[in-house]
Amino acid sequence: MGNIYERLGVRTIVNAVGPATRLSGSILPEAVAEAMREASQFCVNLEELQAWAGGVIAEITGAEAGYVTSGAAAGQMLGVAACVTGLDPGKMNRLPDTEGMANEVIIPRSHRNFYDHAIRAVGVRLVEVGISDRFTGAGVRDTEAWEIADAITDRTAAVAYVANVRALPPLREVVAVAHARGVPVVVDAAGQLPPASNLTRFVSEGADLVCFSGGKAVRGPQSSGILCGRRDLIAAVALQHLDQDVFFELWDPPRSLIDKEKLPGAPQHGIGRPCKVGKEEIVGLITALRLFVAEGDEARKAGWETTTAALANALGDLPHAQVRVVVNPGRPVPMVWLEVDEQAAGITGVDLVRQLIAGDPSIHVNTSNVYEGSLGFGPMCLKEGDVEVISGRLHELLEG
Ligand SMILES: *Cc1c(COP(=O)(O)O)cnc(C)c1O
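Residues numbered from 1 in each chain as written. Predicted model: local features only at pLDDT ≥ 70, side-chain atom pairs only at ≥ 80, totals over all residues. Heavy atoms only, no water.

Novice: Teacher, can you tell me more about the pattern of salt bridges here?
Specialist: On inspection of all chains with the given rule, the structure shows 21 salt bridges. The residue K262 makes a salt bridge to D259 at a minimum N-O spacing of 4.0 Å. Connected through shared salt-bridge partners, R109, R112, D116, R120 and E128 make up one network. (Salt bridge = Lys/Arg side-chain N within 4 Å of Asp/Glu carboxyl O.)

Here you go:
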């Protein structure tokens with residue numbers, strides 16, 4: 001009867017983009033899917049499951065504590081909420097009304113992106129710092145750490161930092177100026193895996209909280225993420241995320257996650273309640289994370305290289321096009337770039353992409369350089385047979 005999507009009447013696609021959310025994320029290893037299936041057949045105390053998962057995350061990241069979120073964006077929101085409230089249940093109950101609280105989050109201007117909706121949702125105001133004129137070619141500099149120091153006031157709840165190979169100022173410098181004023185640094189490292197060494201890197205550079213996507217290269221459930229960092233902040237995250245429909249007297253949270261002794265009472269459902277995480281996601285994410293670490297960067301890269309080499313080879317004889325395999329430093333995912341001579345081919349890169357998407361099966365490619373006539377193909381979500389499908393379709397389109 002075909003696969004489940006055929007039975008449902010929904011098309012599957014050939015995904016040469018990679019684990020993008022709009023294209024449904026990664027393809028789970030069988031072991032992850034099986035772990036989720038098995039996890040789904042029992043009930044557990046979710047606090048206990050989160051405490052266990054947090055322990056595994058702490059061990060792998062070197063952080064004091066960890067937590068499973070519904071994605072990196074949820075991790076940003078929960079992390080910033082924790083920085084605003086600390087362990088004060090009254091403040092937790094009032095969010096996103098932050099009146100009377102330190103409610104500003106400093107962010108280098110060049111780090112702004114629309115995932116920061118997640119930060120603003122907490123009820124804080126973003127304070128942009130610096131001018132990144134190196135991006136316009138009008139200058140050479142980006143935001144500098146002293147400018148962040150200059151912007152810190154008693155209204156500052158946190159500094160937000162979006163990690164990237166090119167991100168400036170260096171995280172260590174940001175941490176130094178923020179910590180000098182007692183301000184925590186929250187790092188969005190959503191897509192910074194691999195290398196696996198980044199699991200420990202930002203924590204070791206002093207970040208107070210770091211979030212990663214579980215549904216990208218880790219190959220966990222699409223709606224999962226990793227948050228790791230300071231124990232008190234993770235406790236504040238848990239308190240604002242877990243379902244709190246419980247009497248204080250009857251509530252016995254695991255101490256490694258929440259120290260009940262430190263609380264005057266329990267907060268009600270918090271700001272994180274709409275981004276809840278199921279037992280299946282928690283078990284699936286931890287299973288995927290362990291597999292990601294065990295596989296190692298070299299084996300992972302070798303697997304991807306096999307796919308990109310096969311694709312580059314299959315596209316090598318296309319007319320009016322050049323094929324290059326590229327690996328960007330710091331982001332070890334090989335990519336195949338097809339540079340189309342638009343004039344000679346009689347078709348623009350944009351139209352070629354349109355045709356690929358419109359075809360059957362629909363083929364999605366990386367379009368970040370499409371206006372220069374370049375189409376990108378990433379190996380992360382390609383399945384067996386996809387190389388032949390992509391190559392066949394491109395031969396049709398460029399030879400036709
Ligand atoms: C993907 C991404 C996110 C969102 O991650 P999710 O796990 O999908 O919530 C946030 N920030 C950056 C920089 C990303 O690349």
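Alright, that's what it looks like, and here's the rest.
Novice: How should I be thinking about the sheet that holds strand β9 (residues 321–328) in this particular structure?
Specialist: Two pairing modes exist for strands in a sheet, parallel and antiparallel, and in both the strands are linked by backbone hydrogen bonds. Strand order in the open sheet formed by three strands is β9-β10-β12, with antiparallel pairing between adjacent strands. Each of the sheet's edge strands pairs with one partner strand only, and the pair in question is β9 and β12 (374–377). The average undirected angle you get between the axes of adjacent strands in this sheet is 25°. Relative to strand β10 (residues 331–340), β9 runs antiparallel, the two sharing seven bridges. The residue of β10 that forms the bridge with A321 is V340. (Pairing = 2+ DSSP bridges. Helix = DSSP H or I, 4+ residues; strand = E, 2+ residues; numbered from the N terminus. Axes fitted to C-alpha atoms, helices over the stretch in contact; angles between N-to-C directions.)

Novice: Would you mind showing me how to read the pairing of strand β8 (residues 225–229) here?
Specialist: A regular strand carries its side chains on alternate faces of the sheet. Most of β8 sits out of view: five of its five residues are buried. Of the two faces of β8, the one lined by G225, L227 and G229 and the one lined by I226 and C228 are each fully buried. Bridge count for strand β2 (residues 65–69) against β8 is five bridges, and the pairing is antiparallel. Residue pairing in the sheet places G66 in a bridge with C228 of β8. (Buried < 20%, exposed > 50% of the residue type's maximum accessible area, 1.4 Å probe, protein only.)

Novice: What is the right way to look at the sheet that holds strand β7 (residues 209–213) in this model?
Specialist: The mixed open sheet is built from seven strands, whose spatial order is β2-β8-β7-β6-β5-β3-β4. The open sheet has two edge strands, β2 and β4 (125–129), and neither has a second partner. Adjacent strand axes in the sheet meet at a mean angle of 25°, parallel and antiparallel pairs treated alike. The sheet contact formed by β7 and β8 spans five bridges and is antiparallel. Looking at β8, one finds that C211 is bridged to L227. Along the sheet, helix α3 (residues 46–61) contacts β2 and β8; its crossing angle with β2, the most-contacted strand, is approximately 120°. Packing against the sheet, helix α4 (residues 72–85) makes contact with β2, β3 (104–108), β5 (156–162), β6 (185–188), β7 and β8, and its axis sits at approximately 165° to β7. (Contact = heavy atoms within 4.5 Å.)

Novice: Just checking my understanding: could you explain the packing of aromatic side chains for this structure?
Specialist: Think of a pair of aromatic rings as described by two things: how far the centres are apart, and how the planes are tilted against each other in angle. The tally for this structure, following the rule as stated, stands at two aromatic pairs. Aromatic side chains F202 and F212 sit 6.5 Å apart centroid to centroid with 40° between the ring planes, which places their arrangement in the tilted category. Within this pair, whereas F202 is found in helix α9 (residues 198–204), its partner F212 is found in strand β7, the two being separated by 10 residues in sequence. Neither residue differs from the other here; F202 and F212 are each classed as buried. On the numbers, 5.9 Å between centres and 40° between planes, the contact of F248 with W251 is tilted. (Phe/Tyr/Trp six-rings, centres within 6.5 Å; stacked < 30°, edge-to-face > 60°.)

Novice: In this structure, what is going on with helix α2 (residues 30–39)? I would like to understand it.
Specialist: Since one α-helical turn is 3.6 residues long, residues separated by three or four positions face the same way. Those residues of α2 lying buried are V32, A35, M36 and A39. One side of α2 holds all its buried residues, which, seen down the axis, span an arc of 100°. At its buried positions, α2 is contacted by α11 (279–295). (Arc of directions from axis to C-beta.)

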